[in-house]
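Working through the structure, step by step
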Amino acid sequence: MCAAFTSTTTHHELTPHEVVELLSTDARNGLGDKTAHERLAQFGPNTLPRPARAGLLMRWLRQFHNPLIYVLLVCGAVTMAIGEVVDSSVIFAVVIVNAVVGFVQESRAEAALEGLRALIRTEARVVRDGEVRSVPSERLVPGDLVVVEAGDRVPADLRMVTLTELSADESSLTGESAPVSKNEVALPPDTAVADRRNMLYSGTLVTSGTGSGIAVATGANTELGEIHRLVGAADTLATPLTRKLAWFSRVLTVAIVALAAVTFVAGLLRATEGTNTFTAAVALAVSAIPEGLPAAVTVTLAIGVGRMARRRAVVRRLPAVETLGSTTVVCSDKTGTLTENQMTVQTVWTPGLAVDVHGSGFAPVGEIVDASGTPVDPDQHPALRWTLLAGLLCNDASLRRSKDGQWSVVGDPTEGAMVAVAAKAGYDQNRTLADMPRTGSIPFSSDRCYMATRHTRPDGPPVVVVKGAVEQVLALCRGRMSGAGEVDPLAAEEILQATSDLADQGLRVLATAVRDDDPTDPADPDPDQLPGTLAFTGLQAMVDPPRASAADAVRACQRAGIAVKMITGDHAATAKAIAARIGLAPASPETDTASPKDNAASPKDNATLTGRDLAGMTDEELPEAANWASVFARVSPQQKLRLVEALQRQGHVTAMTGDGVNDAPALRRADIGIAMGRSGTEVAKDSADMVLTDDDFATIEAAVEEGRGVFDNLTKFIAWTLPTNVGQGGVILVAILGGLTLPILPVQILWINMTTALVLGLMLAFEPKERDIMERPPRDPDRPLLTSALTLRILLVSTVMVVGTWWLFQWELSMGAELAEARTAAVNLVVAVEIVYLFSCRSLTQSPWRLGFLTNRWVLIGVAVQVVAQAAITYLPSANLIFDTAPVGWETWIRVAAIAAVATAIVAVDKRLRRGSAV
Ligand code: ATP
């Protein structure tokens, strides 16, 4: 392989020009498509080697690392030692079946999680054939000219060629957490990786600024590839619930072992024969162990994650699935999440002339007309001309036309709209930029709320153009451009009033300003030097329609007891108008104390607070205000963090969306951080628990619904499995305490446990969501696993099982049945009660009749399989031999069915009596 393309080449010691030569590329136009194609074939995709996964053997052995399984293994070994070969073989068979199921499920769940990661595609911006294009980052090749900006994950190792205020978080590579600022100066050969200021390394994150660089290494050849560290290593499958369950398993094991030991000792003291006592103790242990629990939890979570992904919510951290179910407040961005992010400039306002712009979407076709409908020539109106030119020049976006004639934007839609309106006025982007090339810039950031660029021109001094939030741009202005192109006094009141009038219609308003008369302008505009030097030119007001689904999703959240709050960087009036359209009804404050102060940017309003209001509040005042207000405008990313903390202090489980670099702290702090898959920066995605692949608010609502469904199904499985295990344990305990013959043998219990958990219980993981799932209040995250209602149900069902089994066992014996026949009847009864109880557990509150029997066909299939299996163990001679069973007559089946019917009735009555208090 050519040495130029490997990371061993010390590109940092070369000048940008030398790197360009070395990699046979072009610092302006990048590679040609053909060359890029060839290099892709030569060097392969720009992907890192897969992270090392635990070996097959380790993953297999891990299945046995569970206290409940240890108990079974010990039971199996001792049973073998005392010569009970059949019993011990069955115990070992159960352990192995359990491990196989666990192994398969775990592998599938991990594969599913890995597949999900692929859904979050990373795009890189490269210059190919002189055009900026967005390509999947795996298609980058050495020599590509890559463009980066704040928020991007660096897609390959880059030798920087141009940069503005560029700094990067290289902690994933060097461990250094403070951002490192970059430049393009060549460095001595022995400079350490951490000090190579002219390089950006693959996998690191751009925290500020913009720049472009030549890809000098891709894929495994990058520094990251070399140290074999994959960012975002495999998720674990642990969640708060699985941890709670693991703890529960340990407690259960200790309790079961203690009980079995006491039983064994008590048996010996009574001078019963040692083997029998031991068999009884083993029976007790295996009956009470819920072997299917770990598999059920993994399967249910994996199914939930899959369902969410199908609804376009990709879970990055598994605990999010559960937390979603208890979310009480969702804080959402406006732009792109509640709205379409399909910006179209509708009005351009300048002092003295306001024009309407026709056309929709990003298509650069439409007329510019005045109030009387007469077309306007911007070249005749300097303020209008500069407003359009500023929007066009101070811009990193471009428009593209697809083969089917649709126009779309590469880059920020707000900027795309400004390119489109300029084109409608006859200003072509490429031509204008060729006439006035950019020589420097101040990139946009949500903190600064404006962007500035500097351009040289053939017919005058260099020009600095600015666009951004009205208040911020006005702060930079010394006056405003008159109709004749002169600079008049600013008269900010009129401009703010015009802004307010446009924003009240839900329009997004940006201001523009220029400085075209300073020949001494420095090449790079300096944010500290700008204030008070520019001339305001005008306003561009764009529509960004609310998403069609937003109003319904907001309503669904509110019905589900989840408060929705809009947190936006936009103007208060714009935010309020959009909020009203999507049904974010004003909340009334409980008291007047926290009501907003007078503020030029925010009309005084009960439901709306601005960043300035928040800045004026103490940490003690904020929580209450955060609780009642539903719209927060002109909020900075730092204030987002304060809001999350304030809401959490009010006891809220908070979901928060974000897309920018500076949103990362708030996303991490939120109980559920949600990043935007399309428009979000890599930094935001990296900090989030969940990524929306369609950026749509309705997807959050869908994810909450699925999250609730997952938790419901887990609770249903627990509600089903625990009573049955306790019931079986009870049956054995009665025998031991009463010194009676065991009605069910250990092998039979293992048969019941294993088959029912797999064939019956697991089917609850496929249970569809209940109809009222979004009508209930959010789940309290602190609610214990064993609620009092569940404890009572465990007692009830287990009592029914113990009484029913004993009664039937004794009845069969008294009717002259053989011991094996009576035991077979008892085994079938336990399974029958589990089947009828399974139907009951399909809903925690509703009766199975109301749910409809056909809504989960997996349950029906499972029941059918279980019935066949019971017939087999009862009538097949070989099964009779292994399990000590015997064929029974039809009268026995009638008695089994009758007791199961009584059990159904008792649970139904219990459910009816405790309606509303879900188990
Ligand atoms: P949201 O927070 O709901 O996504 P937003 O896009 O308005 O809303 P920010 O991206 O923080 O939030 O932008 C804040 C303000 O900065 C905007 O309201 C707009 O006035 C201005 N602005 C947005 N994008 C740009 C840009 N590319 N260049 C200059 N100014 C911008």
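Residues numbered from 1 in each chain as written. Predicted model: local features only at pLDDT ≥ 70, side-chain atom pairs only at ≥ 80, totals over all residues. Heavy atoms only, no water.

A look at the overall build of the protein
Definition in use: To qualify as a helix, a DSSP run of H or I must reach at least 4 residues; to qualify as a strand, a run of E must reach at least 2; elements of each kind are numbered from the N terminus. Exposure is judged per residue with a 1.4 Å probe applied to protein chains only, and the accessible area is read against the type maximum: over 50% gives exposed, under 20% gives buried, and values in between give partly exposed. Any two residues having at least one pair of non-hydrogen atoms within 4.5 Å are treated as being in contact. Using a 1.4 Å probe, the Shrake-Rupley method yields the accessible areas, and only the shown protein chains count as cover for residues.
For the protein, the helix and strand inventory stands at 31 helices and 27 strands. Classification of the 919 residues of the protein by burial places 56% in the buried group. Contacts in the protein between residues at least 24 apart in sequence constitute 71% of all its contacts with a sequence separation of at least 6. As displayed, the protein has an accessible area near 37100 Å², and 58% of this comes from carbon and sulfur atoms.

Description of the domain arrangement of the protein
In plain terms, the rule: An automatic or database domain assignment supplies the start and end points of every domain. Accessible area, probed at 1.4 Å, shrinks when two parts are joined; the buried area is that loss added up over both. The definition of a polar contact used here is a pair of N or O atoms within 3.5 Å, where within protein one atom must be able to donate a hydrogen and the other to accept one, and adjacent residues in sequence count solely through side-chain atom pairs. Three classes are used: nonpolar for Ala, Val, Leu, Ile, Met, Phe, Trp, Tyr, Cys and Pro, charged for Asp, Glu, Lys and Arg, and polar for all others, with Gly counted as polar.
Taken domain by domain, the protein holds domain 1 (2-50 + 119-227), domain 2 (325-339 + 548-703) and domain 3 (349-487 + 505-515). Counting residues at the interface gives 11 residues for domain 1 and eight residues for domain 2. Taking both partners together, domain 1 and domain 2 bury about 740 Å²; carbon and sulfur atoms supply 65% of that area. Linking domain 1 to domain 2 there are two residue pairs in polar contact (both at pLDDT 80 or more). Among the elements that line the side of domain 1 that touches domain 2, the one with the most residues is strand β7 (residues 205-217), at three residues. Its residues assigned to classes, the side of domain 1 that touches domain 2 shows five nonpolar, three polar and three charged.

Brief notes about the nonpolar core
To keep things clear, this is the line we draw: Think of a nonpolar core as a cluster: buried Ala, Val, Leu, Ile, Met, Phe, Trp, Tyr and Cys residues, connected wherever their side-chain atoms sit within 4.5 Å.
By size, the foremost hydrophobic cluster in this structure holds 128 residues, and its most contacted members are Leu72, Val321, Met566, Phe697, Trp720 and Ile744. Broken down by element, this core gets its largest block of residues, 16 residues, from helix α24 (residues 697-738). The contacts of Phe697, once residues within four sequence positions are left out, are Val330, Ser332, Thr337, Leu338, Arg547, Ala550, Ala553, Val554, Cys557 and Val564.

A word on the pairing of strand β3 (residues 145-149)
Using the following cut-off: Any two strands with at least two DSSP-identified bridges between them are counted as paired.
Of all the five residues making up β3, four are buried; the element is thus mostly covered by neighbouring parts of the structure. Of the pairings in the sheet, the one linking strand β1 (residues 123-128) to β3 comprises three bridges and is antiparallel in character. Residue pairing in the sheet places Val127 in a bridge with Leu145 of β3. Pairing of β3 with β7 involves five bridges; the strand directions are antiparallel. Pairing of Val148 across the sheet is with Gly211, part of β7.

Side note on unusual backbone geometry
Non-glycine residue Ala491 carries a positive phi angle of around 50°. Ala491 sits in the partly exposed class, given a relative accessible area of 43%.

Notes on the packing of helix α25 (residues 746-760) against helix α27 (residues 819-841)
Definition in use: Axes here refer to lines fitted to C-alpha atoms; in helices the fit is confined to the stretch in contact. Angles between the N-to-C directions go from 0 to 180 degrees. When describing relative orientation, an angle under 35 degrees is termed roughly parallel and one over 145 degrees roughly antiparallel, while 65 to 115 degrees is termed roughly perpendicular and anything else oblique. Helix crossings fall into two classes, left-handed where the near helix is turned counterclockwise from the far one by less than a right angle and right-handed where it is turned clockwise.
At a closest axis distance of 11 Å, the pairing of α25 and α27 adopts a crossing angle of 25°. Comparing their axes, α27 and α25 come out roughly parallel. In terms of crossing hand, the pair formed by α25 and α27 is right-handed. Together, Gln748, Ile752, Thr756 and Leu760 of α25 and Arg823, Val827, Val830, Val831, Glu834, Ile835 and Leu838 of α27 make up the contact between the two elements. Looking at side-chain class alone, the contact of α25 with α27 contains seven nonpolar, two polar and two charged residues.

A word on the sheet that holds strand β8 (residues 313-315)
Pairing within the open sheet is mixed, and its eight strands lie in the order β8-β27-β26-β25-β9-β22-β24-β23. Two strands in the sheet have a free side with no partner beyond their single neighbour: β8 and β23 (608-610). Adjacent strand axes in the sheet meet at a mean angle of 20° when their direction is disregarded. In the sheet, strand β22 (residues 563-567) pairs with strand β24 (residues 631-633) via two bridges, with the strands oriented parallel.

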